[in-house]
Amino acid sequence: MAAVDRRPVLEADRISLKLDDHLGDDVLSSVSMSLYKGEITLLLGPGGCGKSSLALCLNGIYPHAVESVVTGSVKLFGETPDLRHPGKTAQTVGIVFQDPDSQFCMLTVEQELAFCLENIGCPREEIGGRIEDALKLVQLSDCREKEIHTLSGGQKQRVAIAAALVLRPKVLILDEPTSNLDPASAQLLADRLHALRRLLPMTILLIEHNLDPWIEYVDRLVVMDKQGTVRYEGKPDAFFMNQAHEAAQAGIWHPRAATLHRALIRDAGVTGGQADAGDIPGPLPLSARELIEEWTGYPAQIQKQATRSLRARLQKNAEPARRGAAVSEHAAGPGVAERILLRAERLSFFRRKRAVIQEISLSVRAGELLAVTGRNGAGKSTLFAVLSGLLEPSSGSVTLDGKPLPDWKEAELRSRIGFIFQHPEHQLVADTVYDELAYSFRLQNRSETEIGERVNGLLQRFRLEGRESFSPFSLSQGQKRRLSVAAMLSDEQQILLCDEPTYGQDAHGAKELMSGLRARADQGLAVVVITHDMEFVQEYADRVIVMNNGSIHFEGPPISLWSKPARFLEDQGLIPPIAARLLQAMEVGDPC
Amino acid sequence: MLNVQSEKSVPVPRPRLLRLEELNPVIKGVTVVLCVLPLSLVFDPVTTSTALVMTLLVTWIFGNVSWRRWLLLFSPFLVLACGYFWTAAVFPREQPEPGSAILWSIGPVRVTAAAFQVALSLGLRTLLYSALSLLFMLTTDPVKLMLSLMQQCKLPPKLAYGILAGFRFLPLFREELSIMQRAHRVRGAGRIRRTPRSLLEALKRYGIPLLAGAIRKSERAAVAMVSRGFTGTGRRDFYDRIRVTWRDWAFMALMLAIVAFSCGFSYAMGTLRWYNGEL
């Protein structure tokens, strides 16, 4: 969809934002950017750089509804819109937020959409028809009467999009719409939105960490840095081709297809001896589709090299060397000598007569990183609570080191099993960062001098120096996460359970965290992680468990999960990592 | 306009002429208040128990109420009523009248017929009021109530939609608290002793994060509302019109008739007594 008309639909000119309680500290400083008709513009930036604030400036919520100082101007079709009237603004700039649970005001889908239309004074006779149109666009016509809280995460986000569309805005802003969704739902939402803009004259600003579902539809890219200024504005491939290094340093997620493409070029180039392989030939593929098209078009010789390299890549987890101390011999399949730390047998848990998990048996071995994945609401978090003894199973048993959980003393159990929750705030118990880290040492009645030493060590290791006297709640999202992990790790647990630890983290923070967890597993401890990110599963996990409707549908090394039939993966809401998809595509094209 | 209304309600099966769930919430609420007012002037067991039985009948016949839920919500009032009954029967406010017969006694504890009468009225009255409130609460959809308050009583939309948004958060709070309790237990901070200091500590530990979460959520909800064009002022053309129909007036007449009948029945039995400062 090449835009013929290059007049910007929305133009932000030197926007600066100051919040009252941060006097002197600009959230945004002099941001200028433009959105063009029919295009999807992706706004990227490290965590906490003010992307969401910019979105709220563009639709007039700052400074109209939230006390703040905004300078600069927003122009719509070259004119300054009357952003003082929220009803008008909502018809101009629609917005969809990240959290599906706190962006609705009513109980049912129809009420929510009617609420939007009543707000702008739409005559009653038109409301029914407009609701129907909006629901058709997001393919939710059969959910009109349903209560919003009974819908899935992906459906809720589609309701939010419908709520914006029903007002027929010129510009739609999506503020991390897929960060709470499983990979398949995220891809579905991206596809739907792309289809939508063929139907409507829609200009879209997308703010997102998770690039992969969206990148193939993105027309323009705007990159912000930590200080809240725009660093880059233009075509996405040019940015990722030329400024990959800066992006990585700033904590910006890189399209995984591009990373893989580079690595493959290197591998195939070195062994294949191609003259032009050292520098990147042609455009850099950003999406999985482009990558597959690019590589299946290469000569057979290069493809063979690439296939080999991909296989090696996918199999590296199965190599015993990565498993550290725990493996004794090169046996096929899991070694018998591996020590089983935690064993669950025929676990079931019922909540209000409904089985949340049923008949689950699994074991966690020393020195492994076990990933647990599956659709939203599959029972993963409940399984964790039961495994750690926080919830009593309705039937079945959990044994730690051969001893059933109820036989352990609470304090001892807690020092053996660590648990990192999805939202770091839930785990914080003290008033300052120092007390937070000292908390469990104090419970163990250690001397204050010893505690001081240990806490200082932790502060350094987790890059929290200088924040000792801060309130944990005043930290940034990434710092909070590091603090909650640091506080949890202050004991040397044998088993660490992590519930979506990379949630809301930027690229840098997520990678750091995952490699930290991998290092623990390599030390011979066990780590179990809930994650939706299949690239992480591929890169870090030894084994993966797929849950659906409360039971285990797959258990084994990641590589054998990717070779499952597409139908099965689709049912589980999974999308294999790009490397696996590329390998499959090349093998189909060249059955050697 | 009327046929639009009936079009909308066509798919809803309507086996009964009068359904409490479909009544106008404001009129229903006003009816309940109108019933409570005269009944609070009467103070004898016969009137109250007659009205109580008939209220239960109305709830049962015209309402689609889960009786388990009804009993669950009713039980605290039942306990309360028994407490009132016992206290008023054994420890009457006034010295027992000399002429009043003693119904039973254990040692110094004795219950006179007069005290028994007062206690029974008091206990039944508690039950009657709670039955009337439950009749309203269990058959009223909160969204409809707010819409009705805005449409019939001109409640400012800012307040009404604010309450509705808050109402949506209640189950989220419960969930968050239970997650937090688990998270704190993991940190070894789970044990709360029953000492005042420890309880205060727990209040702080859970209260601050819950409040912080609540503020963040409400901010997000407020931003979402504004970005949907909500201003809280001006006239709205409501999509879902909550009307007042003859059914509402019929319900009001029925309930007032029940009150009148109870009083009349009691009068005929010769037991009607007005409230005369017994408490």
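Residues numbered from 1 in each chain as written. Chains lettered and ligands numbered in written order. Predicted model: local features only at pLDDT ≥ 70, side-chain atom pairs only at ≥ 80, totals over all residues. Heavy atoms only, no water.

An unreviewed UniProt entry annotates chain B as HMP/thiamine permease protein YkoC originating from Paenibacillus cookii. According to its UniProt record, chain B has this under Subcellular location (unreviewed entry): "Membrane". (UniProt positions renumbered as here; feature names shortened; annotations may be inferred.)

The name an unreviewed UniProt entry assigns to chain A is ABC transporter ATP-binding protein, from the organism Paenibacillus cookii. What UniProt states about chain A under its Subcellular location (unreviewed entry) heading is, verbatim, "Cell membrane".

Chemist: An account of helix 13 (residues 380–387) of chain A is needed here, citing residue identities and associated values.
Modeler: All names here are of chain A. The element helix 13 is extensively covered by neighbouring structure, given that 7 of its 8 residues are classed as buried. All of the buried residues in helix 13 are Lys 380, Thr 382, Leu 383, Phe 384, Ala 385, Val 386 and Leu 387. Looking one or two residues beyond helix 13, the residue adopting positive phi is Gly 389, at roughly 80°. (Buried < 20%, exposed > 50% of the residue type's maximum accessible area, 1.4 Å probe, protein only. Helix = DSSP H or I, 4+ residues; strand = E, 2+ residues; numbered from the N terminus.)

Chemist: Can you tell me about the side chain of Lys380(A), naming the residues and giving the values?
Modeler: All names here are of chain A. You can see Lys 380 is positioned in helix 13. One buried charge, Lys 380, has no salt-bridge partner; the nearest side chain with opposite charge is Glu 500, at 5.5 Å. Of note is the side chain of Lys 380, whose polar atom sits 2.9 Å from the backbone oxygen of Arg 375. Contacts of Lys 380, omitting those with residues within four sequence positions, involve Val 372, Thr 373, Gly 374, Arg 375, Ile 530, His 532 and Met 547. (Lys, Arg positive; Asp, Glu negative; His and termini not counted. Salt bridge = Lys/Arg side-chain N within 4 Å of Asp/Glu carboxyl O. Polar contact = N/O pair within 3.5 Å; in protein donor to acceptor, adjacent residues only side chain to side chain. Contact = heavy atoms within 4.5 Å.)

Chemist: Explain the UniProt feature "transmembrane region" (unreviewed entry) in chain B residue by residue, including any values.
Modeler: Residue and element names in this part refer to chain B. Under the UniProt annotation, the feature "transmembrane region" (unreviewed entry) is placed at residues 46–63, 70–89 and 249–269. Helix makes up 100% of residues 70–89 and strand makes up 0%, while its end C-alpha atoms are separated by 28 Å. A distance of 30 Å separates the end C-alpha atoms of residues 249–269, which is 100% helix and 0% strand.

Chemist: Summarise the domain arrangement of chain A; cite the residues concerned and give the values.
Modeler: Bring the parts together and some accessible area is lost; that lost area is often taken as the interface size. Residues and elements named next belong to chain A. Its domain assignment divides chain A into domain 1 (8–249), domain 2 (255–320 + 569–592) and domain 3 (339–429 + 479–556). Counting from both sides, the interface comprises 13 residues of domain 2 and, opposite them, 16 residues of domain 3. The junction of domain 2 with domain 3 conceals about 1100 Å² of combined surface from both sides, 44% of it contributed by carbon and sulfur atoms. Here Asp 533 makes a salt bridge to Arg 256, at a shortest N to O gap of 3.1 Å. Linking domain 2 with domain 3 are 7 residue pairs in polar contact (both at pLDDT 80 or more). Of all the secondary structure elements, the ones that give two or more residues to the side of domain 2 that touches domain 3 are helix 12 (300–315) and helix 21 (566–571). (Domains from an automatic or database assignment. Buried area = accessible area lost by both parts, 1.4 Å probe.)

Chemist: Can you lay out a nonpolar patch on the surface for me, pointing to particular residues and giving the numbers?
Modeler: Residue and element names in this part refer to chain B. Together, Trp 86, Phe 91, Leu 103, Trp 104, Ile 106 and Phe 116 line one region of the surface with nonpolar side chains, adding up to about 660 Å² of accessible area. For the nonpolar patch, the element with the highest residue contribution is strand 1 (residues 102–106), accounting for 3 residues. Inspection of the secondary structure puts Phe 91 in the loop between helix 4 (67–90) and strand 1. For Phe 91, a relative accessible area of 56% gives the class exposed. (Patch = residues over 30% accessible without salt bridge, like charges linked within 9 Å, V, L, I, M, F, W, Y side chains within 5 Å. Areas by Shrake-Rupley, 256 points an atom, 1.4 Å probe, with all protein chains shown as cover.)

Chemist: Just give me the short version of a positive patch on the surface, but keep the residues and values in it.
Modeler: A contiguous patch of positive charge on the surface is contributed by Arg351(A), Arg352(A), Arg354(A) and Arg174(B). Mapped onto the elements, Arg354(A) comes out in strand 11 (residues 354–365). Given the relative accessible area of 53%, Arg354(A) is considered exposed. (Charge placed at Lys NZ, Arg CZ, Asp CG, Glu CD.)

Chemist: Tell me what's going on with the environment of Val79(B), and back it up with residues and numbers.
Modeler: Here Val79(B) is to be found in helix 4. The spacing of Val79(B) and Gly123(B) is 44 residues in sequence and 9.7 Å in space, taken between C-alpha atoms.

Chemist: Break down the sheet that holds strand 6 (residues 171–175) of chain A for me, with residues and values.
Modeler: Residues and elements named next belong to chain A. Taken in spatial order, the 6 strands line up as 5-6-7-3-8-9 in an open sheet, and their pairing is mixed. Each of the sheet's edge strands pairs with one partner strand only, and the pair in question is strand 5 (93–96) and strand 9 (230–234). Mean inter-strand twist for the sheet, computed between neighbouring axes without regard to direction, equals 15°. One ladder, built from 5 bridges, connects strand 6 with strand 7 (residues 203–207); its direction is parallel. (Pairing = 2+ DSSP bridges. Axes fitted to C-alpha atoms, helices over the stretch in contact; angles between N-to-C directions.)

Chemist: Describe the pattern of salt bridges, listing the residues and the values that go with them.
Modeler: Should the charged atoms of two oppositely charged side chains come close, the side chains can pair. Residues and elements named next belong to chain A. Counted under the stated rule, the structure contains 38 salt bridges over all chains. The closest approach of N and O atoms between Glu 587 and Arg 311, which form a salt bridge, is 2.4 Å. Of the two residues, Glu 587 is situated in helix 22 (residues 578–589) and Arg 311 in helix 12; the sequence distance between them amounts to 276 residues. You can call Glu 587 partly exposed: its relative accessible area is 29%. Three or more residues joined by partner-sharing salt bridges are found here, namely Arg 365, Glu 368, Arg 543 and Glu 555.

Chemist: How would you sum up the environment of Leu17(A)? Please name residues and give values.
Modeler: Residue and element names in this part refer to chain A. Within the element layout of this structure, Leu 17 appears in strand 1 (residues 8–19). Residues Leu 17 and Gln 103, spaced 86 residues apart in sequence, show a C-alpha to C-alpha distance of 23 Å. Once residues within four sequence positions are removed from consideration, Leu 17 is found in contact with Asp 26, Val 27, Leu 28, Ser 53, Cys 57, Tyr 62, Ser 68, Val 69 and Val 70.

Chemist: A description of the nonpolar core should follow, citing residues and the corresponding values.
Modeler: Residues and elements named next belong to chain A. With 161 residues, the main nonpolar core has Ile 161 and Trp 295 as its most contacted residues. The element contributing the most residues to this core is helix 6 (residues 153–165), with 7 residues. Among the nonpolar cores identified, the runner-up in size contains 33 residues, and Val 9, Val 31, Leu 58 and Phe 97 belong to it. (Core = buried A, V, L, I, M, F, W, Y, C linked by side-chain atoms within 4.5 Å.)

Chemist: With reference to specific residues and values, describe the pairing of strand 17 (residues 526–530) of chain A.
Modeler: Residues and elements named next belong to chain A. Most of strand 17 is tucked away: 5 of the 5 residues are buried. Residues Ala 526, Val 528 and Ile 530 of strand 17 are buried on one face, and the alternating residues Val 527 and Val 529, pointing to the opposite face, are buried as well. When strand 12 (residues 369–374) meets strand 17, the two strands line up parallel, connected through 4 bridges. Within strand 17, the position partnered with Leu 370 by the bridge is Val 528. Judged from the 5 bridges that link them, strand 16 (residues 495–499) and strand 17 form a sheet pairing that is parallel. When the sheet's bridge partners are listed, Cys 498 is paired in strand 17 with Val 529. Read as a crossover between parallel neighbours, the route from strand 16 over helix 18 (residues 507–522) to strand 17 is right-handed. (Right-handed = clockwise from strand over helix to strand, strands pointing away.)

Chemist: How would you sum up the interface of chain B and chain A? Please name residues and give values.
Modeler: Each side of the interface is counted separately: chain B has 46 residues, and chain A has 57 residues. In total, about 4800 Å² of surface goes out of reach between chain B and chain A, with carbon and sulfur atoms giving 58% of it. Considering only the side of chain B, the residues that lose the most area to chain A are Arg187(B), Arg228(B) and Tyr239(B), jointly responsible for 22% of the buried surface there. Linking chain B with chain A are 25 residue pairs in polar contact (both at pLDDT 80 or more), by the criterion used here. Of all the elements in the fold, those that place two or more residues in the side of chain B that touches chain A are helix 1 (2–8), helix 7 (157–186) and helix 8 (196–227) of chain B. Split by residue class, the side of chain B that touches chain A holds 22 nonpolar, 5 polar and 19 charged. (Nonpolar A, V, L, I, M, F, W, Y, C, P; charged D, E, K, R; others polar.)

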